[in-house]
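Analysis of the macromolecular model
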Amino acid sequence: MARQIPLERTRNIGISAHVDSGKTTTTERILYYTGKLHKMGEVHDGSASMDWLDQEQERGITIMSAATTCFWTPSNVPGAKEHRINIIDTPGHVDFQAEVERSLRVLDGAIALFDSVAGVEPQSETVWRMMDKYRVPRLCFVNKMDRQGADFVKAIGTMRDRLGANAIAIQVPMGAEAEFHGVIDLVAMKAIFYTSEDGMDYEVGEIPAEYADAAHVGHHELIDAVAEYHEPLMEAYLEDEQAVTSELIAEGVRRATLASGVQPVMCGSAIKNKGVQPLLDAIAAFLPSPLDRGDVVAADGVEHRAPSDEEPFAALAFKIQRDPQAGPLTYFRVYSGTLKAGDRVLNSTSGKSERIGRLLMMHANNREDVTQVYAGDIAVAVGMKNATTGDTISTPDKPVLLENISFAPPVVHVSIEPSTQADQEKLALALAYLVREDPSLQMRTDTETGQTVVSGMGELHLEVTVERLKREYKVSANTGRPQVAYRETITASATKVEGRFIKQTGGSGQYGVVYIDVEPNPGNGFEFKSAVKGGNVPTE
């Protein structure tokens, strides 16, 4: 099967933010407007398609990153062609930041969501640093503009102050809180009015008079920020401002975004179905394709692989998920070449060769079988028994080793034991599966206490792990504080410590006096030196 969408119209993006900023709700709206879903799911009632895990639906939070694919034809460009958008919806809770880390490692662009009231929050900073680490170009979306206390300008100010971002508005809201009813596009200088409750219908018209001054100021601030990245825009702006077209500005925004010199800021309310279609247009217009990101560099810093179907196959496994029927599912991002179901590949990290049984495209927990995947795709392989997170998969005759994924070490530890003796073996097996799936989860046996200790990123992380043991693996386990094997040592010197031995059983009896000097001996264990001169003291 030939490639359907060319690489230049492919986008691999992630949606990341602080917990409860509206990531999953925004993803649900994107899938609805692109036709992937026919009914919008809601996080608060457990119907969101991207939160498929039972605990996600019960708790109303995202625990595991979920991948999906949708298609969008930009509505703001006449004659635009369809784009393929691969999306990974990530958790916002700090306990599950490993899911964000491994997703950003394989993505080309990202959307950073912010609450219109709170602006930048603690996990926003963590996610932003991860995006900087992997040099991921990003769009910013100020969500929840319908909330009491929503302030678009203040939210942008927090991005600049706390993140050091060069955040530049490419939209301004019309109204706020309950009065929020649309947005103004500062690139095209047009207003977008929403005319239906589900946000599917909207009109593009002239900017209302009461917003004209704010739009004019924002328009010029935008041009000032991006003109240096696009010379034709700079020349037109300096010579004749009337010659500046929306196409020139859009190209300037794109180049500035790809260079990570500017972070364009948009706004809307996902739960009220406003501002999502312009966000989709911006993903297609401003975020990079795999071609824009260029060659992927091997771990040795020498070898390169171009993002092309003609290159030898190279991919990075970024997630392992266990399926009770199919076995391990290996999520991977293809950087170069193509792969067919049934092909043999080399795990360059472990040096082992494996056969790909099936290839899947995922929509959260739903699967679609495909026969072939191409450069730039995010797909799932069935049948790889030895792959782990961060492994490089390549063609056996042209192997390459890509840079691995690093994770923060776990910080919270609990002891764990099965509720019944019959579950002892099942617990060890289940924990081994979970540790393989989740690189931020670690398991060890304390050699001194004999306890099994599980380590994670926080109390919620470990609580979810224990609940998954119960639900998915039918293993009931108890947790508690790990025992500590206390040790004592000498911290100061003591001299002439006297010991006397007196034993009288008739006759001459036994009598002895010993003086001992004791001092610390760090790092060298115990040393015994006899300083007895003459005398009759046994050496043992």
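Residues numbered from 1 in each chain as written. Predicted model: local features only at pLDDT ≥ 70, side-chain atom pairs only at ≥ 80, totals over all residues. Heavy atoms only, no water.

Right, let's get into the overall build of the chain. Per the secondary structure count, the chain includes 12 helices and 29 strands. The C-alpha radius of gyration of the chain comes to 31 Å, more than 25% above the 24 Å expected for a compact globule of 540 residues. Seen along its three principal axes, the alpha-carbon backbone of the chain occupies a region of about 120 × 55 × 50 Å. Split into buried and exposed, the 540 residues of the chain put 51% on the buried side. (Helix = DSSP H or I, 4+ residues; strand = E, 2+ residues; numbered from the N terminus. Rg over C-alpha atoms; globule rule 2.2 N^0.38 Å. Buried < 20%, exposed > 50% of the residue type's maximum accessible area, 1.4 Å probe, protein only.)

Below, the discussion takes up the environment of aspartate 198. One can find aspartate 198 in the loop between strand 9 (190-194) and strand 10 (202-205). For the pair aspartate 198 and valine 253, spaced 55 residues apart in sequence, the C-alpha to C-alpha distance is 29 Å. In this structure aspartate 198 touches Tyr32, Tyr33, Met40 and Asn273, once residues within four positions along its chain are discounted. (Contact = heavy atoms within 4.5 Å.)

Next up on the list: the domain arrangement of the chain. Each domain of the chain was delimited in the assignment, giving domain 1 (7-293), domain 2 (296-394) and domain 3 (412-480). Placing the centre of domain 2 and that of domain 3 at their C-alpha centroids yields a distance of 29 Å. Residue-level contacts link 10 residues of domain 2 with five residues of domain 3. When the buried area of domain 2 at its contact with domain 3 is split by residue, Ile320, Arg322 and Thr389 rank highest and sum to 75% of it. (Domains from an automatic or database assignment. Buried area = accessible area lost by both parts, 1.4 Å probe.)

Relative to each other, helix 1 (residues 23-33) and helix 9 (residues 276-286) sit at 80°, their axes nearing to 10 Å. Classified by the angle their axes make, helix 1 and helix 9 are roughly perpendicular. In this structure, helix 1 uses Thr26, Arg29, Ile30 and Tyr33 to contact helix 9, whose residues at the interface are Val276, Gln277, Leu279 and Leu280. (Axes fitted to C-alpha atoms, helices over the stretch in contact; angles between N-to-C directions. Parallel < 35°, antiparallel > 145°, perpendicular 65-115°, else oblique.)

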